[in-house]
Amino acid sequence: MLKRKHDFKPDRMGAGALSKLYLTRRQRLNLLRWLLYGAVILLLSLVQDVILCRIRIFGVTTNLVGAGILLLSMMLQPDAGAVFALISSVLYYFSGAAPGPYAIVFLTGLGVLLNIFRYSYLRKGFGSAMLCAGAAMMLYEVLTFGVGLFLGHTTVARFAGFCITGGLSTAVMPLLYPLFVSIGKIGGESWKE
């Protein structure tokens, strides 16, 4: 049989598009680090929504996701912390666990502003990270209370509950700090604490 020019030719079997994607070892480790950061925030969200939502202390519970976002944004460089806080808070809002869309602005804004303050005026270390992250957490809860009061979702009598939530969330941050530091060492140290 004679072959014609316009006969069907099967595609060449070869490596896919991923074989052309070349990542250096450092880039793979940085990608792993960021995936682990995301996994920790996802784990905090699961623990918060499944376990801690049933445990009440003085009638309130913690805000682990907000605490994790704010603490990690304090530990990163201001530019990387801003991007992380923005992406994490958007995902936090779309998960349905955030109090409202204003959580995106509050978490990102407080994370960036206090991170810049920390890097400009304070020594890098555990104490300054806890101070700035704790202050950001308390301000976040107060701002959330203010928006809830303005929208009519809460009353003035619940102010103490918001303050206790901020305090409990701040108390959890020292437990998260060593985990974030150990993940941050993957792919080289991104900050010196």
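This text goes with the structure placed above it.
The following paragraphs examine the structure supplied in this document. Predicted model only: the values in this text are computed from it and were never measured.

### Quick notes on the overall build of the protein chain
Item 1. For the protein chain, the helix and strand inventory stands at 6 helices and 0 strands.
Item 2. Going through the 193 residues of the protein chain one by one, you find that 39% of them count as buried.
Item 3. For the protein chain, the proportion of contacts with a sequence separation of at least 24, taken over those separated by at least 6, is 70%.
Item 4. As displayed, the protein chain offers around 11800 Å² of accessible surface, 69% of which is attributable to carbon and sulfur atoms.

### Details of the nonpolar core
Item 1. Grouped together as the largest cluster of nonpolar side chains are 40 residues, with contacts concentrated most on Leu71, Tyr140 and Phe180.
Item 2. Listed by contribution, the elements that provide at least two residues to this core are helix H1 (25–50), helix H2 (64–75), helix H3 (78–94), helix H4 (102–121), helix H5 (126–151) and helix H6 (159–184).
Item 3. The dominant element in this core, judged by the number of residues it contributes, is H2, at 9 residues.
Item 4. Sequence-distant contacts of Tyr140, defined by excluding residues within four places in its chain, comprise Asn63, Leu70, Tyr92, Pro99, Ala103, Phe106, Leu107 and Leu110.

### As for the side chain of Thr62
Item 1. Note that Thr62 resides in the loop between H1 and H2.
Item 2. With relative accessibility at 13%, the residue Thr62 sits in the buried group.

### Side note on the packing of H2 against H3
Item 1. As a packed pair, H2 and H3 sit with axes 9 Å apart at the nearest point and diverge in direction by 165°. For the element pair H2 / H3, the angle class is roughly antiparallel. Of the two elements, H2 crosses H3, and the hand of that crossing is right-handed. Contact residues: H2 offers Val65, Ile69, Leu72 and Ser73, while H3 offers Gly81, Phe84, Ala85, Ser88, Ser89 and Tyr92.
Item 2. The residue inventory of the contact of H2 with H3, partitioned by class, reads 6 nonpolar, 4 polar and no charged.

### Some points on H1
An α-helical turn contains 3.6 residues, so any two residues separated by three or four positions project in the same direction.
Item 1. Given a rise of 1.5 Å per residue, 26 residues ought to cover 38 Å, and the 37 Å separating the end C-alpha atoms of H1 matches this to within 8%.
Item 2. Listing the buried residues of H1 in full gives Arg33, Tyr37, Val40, Ile41, Leu44, Ser45 and Gln48.

### Concerning the packing of H3 against H4
Item 1. One can describe the packing of H3 onto H4 by two numbers: an axis separation of 8 Å at closest approach and a directional angle of 160°. What the angle tells us is that H3 and H4 run roughly antiparallel. As for the relative orientation of H3 and H4, their crossing is right-handed in sense. Residues Pro78, Gly81, Ala82, Ala85, Leu86, Ser89, Val90, Tyr92 and Tyr93 of H3 form the contact with H4, whose own contacting residues are Ala103, Ile104, Leu107, Thr108, Val112, Asn115, Ile116 and Tyr119.

### Focus: the environment of Arg158
Item 1. Among the secondary structure elements, Arg158 is positioned in the loop between H5 and H6.
Item 2. C-alpha separation for the pair Arg158 and Val60, spaced 98 residues apart in sequence, amounts to 9.9 Å.
Item 3. Not counting the four nearest positions on each side in its chain, Arg158 is found in contact with Val60 and Phe145.

Thresholds applied
- Residues numbered from 1 in each chain as written.
- Predicted model: local features only at pLDDT ≥ 70, side-chain atom pairs only at ≥ 80, totals over all residues.
- Heavy atoms only, no water.
- Helix = DSSP H or I, 4+ residues; strand = E, 2+ residues; numbered from the N terminus.
- Buried < 20%, exposed > 50% of the residue type's maximum accessible area, 1.4 Å probe, protein only.
- Contact = heavy atoms within 4.5 Å.
- Areas by Shrake-Rupley, 256 points an atom, 1.4 Å probe, with all protein chains shown as cover.
- Core = buried A, V, L, I, M, F, W, Y, C linked by side-chain atoms within 4.5 Å.
- Axes fitted to C-alpha atoms, helices over the stretch in contact; angles between N-to-C directions.
- Parallel < 35°, antiparallel > 145°, perpendicular 65-115°, else oblique.
- Left-handed = near helix turned anticlockwise from the far one by under 90°.
- Nonpolar A, V, L, I, M, F, W, Y, C, P; charged D, E, K, R; others polar.
- Expected span 1.5 Å × (residues − 1).

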